[in-house]
Every structure is written in C-alpha cells, then in structure tokens.
Amino acid sequence: VDLAQLPKDDPDTYALMQRADTIGVFQIESRAQMATLPRMKPACFYDLVIEVAIIRPGPIQGDLAHPYLRRRSGLESVTYLDPRLEPILQRTLGVPLFQEQMLEIAMVMADFSGDEAENLRKALSFHRSDEKMALATAKLRESMARKGVAANVIESIAKAVGSFALYGFPESHAISFALLAYASAYLKVHRTPEFFAALLNNQPMGFYAPATVVQDAKNHGVAVRPVCAARSDWETRVESDGSLRLGLSLVQGLTASQAARLLQERTRKPFASLDDLKSRSSLGPEALRALANMVVNRAH
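### Details of the packing of helix 1 (residues 11-18) against helix 11 (residues 171-190)
Contact pair helix 1 / helix 11: the axes reach a minimum separation of 9 Å and the direction vectors enclose 100 degrees. As far as their axial angle goes, helix 11 and helix 1 are roughly perpendicular. Contacts between helix 1 and helix 11 pair Asp12, Thr13, Tyr14, Leu16 and Met17 from the former with Tyr182, Ala185, Tyr186, Lys188, Val189 and His190 from the latter. In the contact of helix 1 with helix 11, the residues fall into 7 nonpolar, 2 polar and 2 charged.

### Describing the environment of Gly206
Within the secondary structure layout, Gly206 lies in the loop between helix 12 (192-200) and helix 13 (210-219). Gly206 sits in the exposed class, given a relative accessible area of 57%. C-alpha of Gly206 to C-alpha of Ser30: the two residues are 176 residues apart in sequence and 8.6 Å apart in space.

### Details of helix 5 (residues 65-72)
Turning to helix 5, its buried residues are Ala65, Pro67, Tyr68, Leu69 and Arg71. Just past helix 5, the residue Gly74 takes up positive phi, approximately 80 degrees.

### Examining the sheet that holds strand 3 (residues 244-245)
With mixed pairing, the 3 strands of this open sheet are ordered in space as 1-3-2. Strands with a single pairing partner mark the edges of an open sheet, and in this sheet they are strand 1 (224-225) and strand 2 (237-238). Summarising the sheet, strand 1 and strand 3 pair through 2 bridges and their orientation is parallel. Paired with Arg225 across the bridge in strand 3 is Arg245.

About the cut-offs
- Residues numbered from 1 in each chain as written.
- Predicted model: local features only at pLDDT ≥ 70, side-chain atom pairs only at ≥ 80, totals over all residues.
- Heavy atoms only, no water.
- Axes fitted to C-alpha atoms, helices over the stretch in contact; angles between N-to-C directions.
- Helix = DSSP H or I, 4+ residues; strand = E, 2+ residues; numbered from the N terminus.
- Parallel < 35°, antiparallel > 145°, perpendicular 65-115°, else oblique.
- Contact = heavy atoms within 4.5 Å.
- Nonpolar A, V, L, I, M, F, W, Y, C, P; charged D, E, K, R; others polar.
- Buried < 20%, exposed > 50% of the residue type's maximum accessible area, 1.4 Å probe, protein only.
- Pairing = 2+ DSSP bridges.

Coordinates in, geometry out; function isn't part of it.
Here it is in structure tokens:
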C-alpha cells in the first residue's frame, strides 16, 4: 500500500468516518471528533480538512465551530460580515477557520501589507507574546476604523483574531493532517487486520488502551489469538488466515530482553512442556507470572 497512491474519495472510508467508527484513526479518534463526525458527515477530502481543524481550542472558544456546523446542516444561512469577505470565506461557509484566512482578512479589511500580515501571523503563533498580540490587534482595529469598517464588524473580526491567538490552525497543516487521517481510515476499512496489528505494535499511543483496540478489532470481524509462549512473536502479527496473534510486547511485566531469550530458545528448539520453558528461558518468577496472568486474562 502506497500512501501517495490511495484511491481518492473512497465511499467506504467516508462511511466509516460518518458513523464515527474511528478508534485508532489519526486525528479523528477523540470523543469530541467522534461527536462531530456524524454532524459533519465528511464526504470529500476538503470536508475532512475542515473536520480536522474545527475541533480545536481556537474555533471552539471563538464560537466558530457551531456556526459552521449549523450552516453546513442548513440550519443557518451563510452570511458574511462584509461582502469583501466572501471570496476569502466562501469555502468555509462564511466562518474563518484557518490562519491563512485571518491574514487575508487583515489585508482586505485593514489594507495590511505583506509585512504587516506576517507580523500578525507571528503574533497569532502558538508561542506568541501577549504584548505583540495586543499591539497587532490594536493596529488591526485602528486600520479597519480608518478604512471606515463598521464598528460591529471590527469587533467580530477582533474576536476571531483573539480566538486564533489561542490556537490558529493553518490550512496547510490541516490538509497534511487530513491526508494522514484519510489514509488511517482507508487502512482500517481495507487492511483491517494490518491496521490493528500496527496500532498494537506501537503502544502506547492515541486515546485508547490495547484492550480497547483488541475489542474494536473483534467488532470489525478480526479473530484475535491470545499471547502464547509457544506461538507469539515479540510484536503482534497477522496470521495467514487474517487473524491477529497478540505479541509478547503486550505482556506487562515481561521485558524485551526476557522475551528475546524466550524466543531465542524457542527458535533453537520448541518447548516440550512448561517445565522445559521455565528451565531454558531463564525467566524469573515475576516474568512467568506475567505470562500466566496474560493467558488467564485473555481466556476471560
């Protein structure tokens, strides 16, 4: 599978997102994202770009996320604070969601030069200075007032700028993140066993513990075979029948070096019995107990 050659706009992939079946999917697996996906119903790549960007502190605290979702659902009409903003905000239904849009707004509504817009971008950055932010906002207000922009429009734009100072998400970043989110979702749909094996082999990560990932794999029809000292490798692997064989790396209390000794002995000669394993692997009581507990817990 080549990330650059994945089929575009795969309907099954978007169907998975629309029902918020996104445990383990990059960027859209949080509870907030899962709550938004059925409302957003992403059906194309740019929808996903917006989905990635909209669940952020900036859009939420600036009261930008809910108006966008209402407009997308047809519950609110698309309006613009000023006709000059339509070319800038049309793709996001009149709601400024991206840092690039804020810079364009400053250039159109306040006649900011490229250098002034760049200074505003720096003030909006995550590692901003409160002093620089205050100066940039004051200059933006003064320039808009001098240009005759209505007071209520100035206030709305200044509020949006303030929210972006909390977390101004660039559209270019959202596009990159959306590509990885799409690829993750595509793999969950079309390479399901491999998707879950990869998640389990890269723990800890994401929002969910291995037990949740294993249960989700089962919910997607993947058979999961338990950790077995006679069959498991260090990593979880996909068997020839598409099932998962859980790896020794998931056994809490068993170190990588201990597992390596066990695997080395097993490669040299299969274990004939539990006593044979105990004598040849040189595992101490704690490691043996961890293996035993894993088998018992998996059986239940």
